[in-house]
Amino acid sequence: MHTVSTATTADALGTAVPVLSFSPVVLSVPGRPVDLHVRVSAPATGTSLPVILLSHGHGPSNNLSSLNGYAPLANFWAAHGFVVIQPTHLTSRTLTHLVADAPGAPDFWRSRAEDMTHILDRLDVIENAVPQLAGRIDHTKIALAGHSLGGFTAALLLGAGLTDPDTGNVVHLVEPRIKAGVLLAAPGRGGDVLNGPMAEQWPIIGAVDFSTMAAPALVVAGDKDDPRHFTDMGPDWHADPYTLAPGPKALLTLFGAEHGLGGIAGYDAAETTDENPERVATLAQLTAAYLHTQLHPGASTWQIACEALTAGLDPIGQVESK
């Protein structure tokens, strides 16, 4: 296997610079059972910086599903010119003892999406709270990424509808300030295919309607990511946000990747079932290239990265688009 480390991709993304990481920035949110804590990672240099909001998943670790996770992606993105903002959602295991009985538990689907809207509403506060960041963010260039349950959250913010299991009403939490997104190993469709043992515990997973998810998005799926606890559809289930949503969309299928996509949730995390540093490096480059092109229309970064991906004898994945 090879990473997308050709000169062309590296040139397109620019030289990596040192990263400043600051946490927690604490936002008080009325009605939220605990304050909203976020980590901000930013390049040490540069101005007019675009923003990536990063929504964590719901893994077995105590801390990776929080503002302390996903360093392999957050550090790469920040080193290549993005400001990465990571909230600790109420689903984090670090908060379970505080919010177990709070309204919306245990999935906190509405709160997770609202966290991102609160961050954007107070982006100026966050920017001024982080040393050396004031005046360096481009508030018009906002992107979003989410892994696993974070991909579910991203789908809602990008326009997917959701049938509230409690009321039967269709809810839309689309955030128009977000220009593009990346869904990493996100859940797929509901209905009859949602027939696994976890389906009854998490009915919200099957309540999403991707047909209104109109914002540009890159869907990333591992071809060995078997979601048997939710469905017997196999790994294709994770491609549903691409298959069932309208264009413009791209689908990156990573060969041999399981749910951790090689280990994106943390450096050397023992519970990563498919640890593969090359895969993580490639994924970091491809997602950065995709979002760079989406936020800088006309840039060829994504095209260059896709060509590099397929150029080798043993490609690490494939891309299709619509």
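Thresholds, definitions, all that
- Residues numbered from 1 in each chain as written.
- Predicted model: local features only at pLDDT ≥ 70, side-chain atom pairs only at ≥ 80, totals over all residues.
- Heavy atoms only, no water.
- Helix = DSSP H or I, 4+ residues; strand = E, 2+ residues; numbered from the N terminus.
- Rg over C-alpha atoms; globule rule 2.2 N^0.38 Å.
- Buried < 20%, exposed > 50% of the residue type's maximum accessible area, 1.4 Å probe, protein only.
- Salt bridge = Lys/Arg side-chain N within 4 Å of Asp/Glu carboxyl O.
- Pairing = 2+ DSSP bridges.
- Contact = heavy atoms within 4.5 Å.
- pLDDT = per-residue confidence, 0-100.
- Right-handed = clockwise from strand over helix to strand, strands pointing away.

## What about the overall build of the chain?
Tallying secondary structure elements over the chain gives 9 helices and 12 strands in all. Taking 2.2 N^0.38 as the reference for a compact globule, 322 residues should give roughly 20 Å; the C-alpha atoms of the chain span a radius of gyration of 18 Å, in line with that estimate. Dimensions along the principal axes, computed over C-alpha positions, put the chain at roughly 50 × 45 × 35 Å. By residue count, 55% of the 322 residues in the chain fall in the buried class.

## Re the pattern of salt bridges
Counting across every chain of the model gives 9 salt bridges. One salt bridge in this structure joins K141 and D138, with 3.4 Å as the shortest N-O distance. A relative accessible area of 17% means that D138 is categorised as buried. The closest approach of N and O atoms between E175 and R177, which form a salt bridge, is 2.8 Å. What emerges from the salt-bridge pattern is a single network uniting D121, E175 and R177.

## Structural notes on the sheet that holds strand β6 (residues 161-163)
Strands sit in the order β7-β6-β9 across an open sheet of 3 strands; the sheet is antiparallel. Pairing within the sheet leaves two strands with one partner each, and these edge strands are β7 (170-172) and β9 (208-209). Bridge count for β6 against β7 is 3 bridges, and the pairing is antiparallel. Opposite G161, over in β7, you have H172 as the bridge partner.

## What to know about the environment of A207
By secondary structure assignment, the location of A207 is in the loop between β8 (180-184) and β9. Put simply, A207 and G191 are 16 residues apart on the chain and 8.2 Å apart in space, counted from C-alpha to C-alpha. With near-sequence residues (within four places) excluded, A207 lies in contact with G161, L162 and T163.

## As for the confidence of the model for the chain
One rule of thumb: low pLDDT means the predicted coordinates there are not for detailed reading. Looking at the chain as a whole, its pLDDT mean stands at 94, while 97% of the residues score no less than 70. Across residues 1-6, where pLDDT falls below 50, the model places 26 contacts with residues more than four positions away in sequence or in other chains.

## A few points about helix α2 (residues 71-79)
Burial runs high along α2: 8 of the 9 residues are buried. Along α2, the residues that are buried comprise A71, P72, L73, A74, F76, W77, A78 and A79.

## A look at the pairing of strand β4 (residues 83-87)
Extensive coverage of β4 is indicated by the burial of 5 of its 5 residues. Judged by which residues are buried, β4 turns out to be covered on both faces: V83, I85 and P87 on one side and V84 and Q86 on the other are all buried. Pairing analysis gives 4 bridges linking strand β2 (residues 36-43) to β4, with the strands arranged antiparallel. For S41, the partnering residue across the bridge sits in β4 and is V84. Bridging between strand β3 (residues 49-55) and β4 involves 3 bridges; their strand directions are parallel. Directly across from L53, in β4, lies its bridge partner I85. For the crossover that starts at β3, traverses α2 and ends in the parallel β4, the hand is right-handed.

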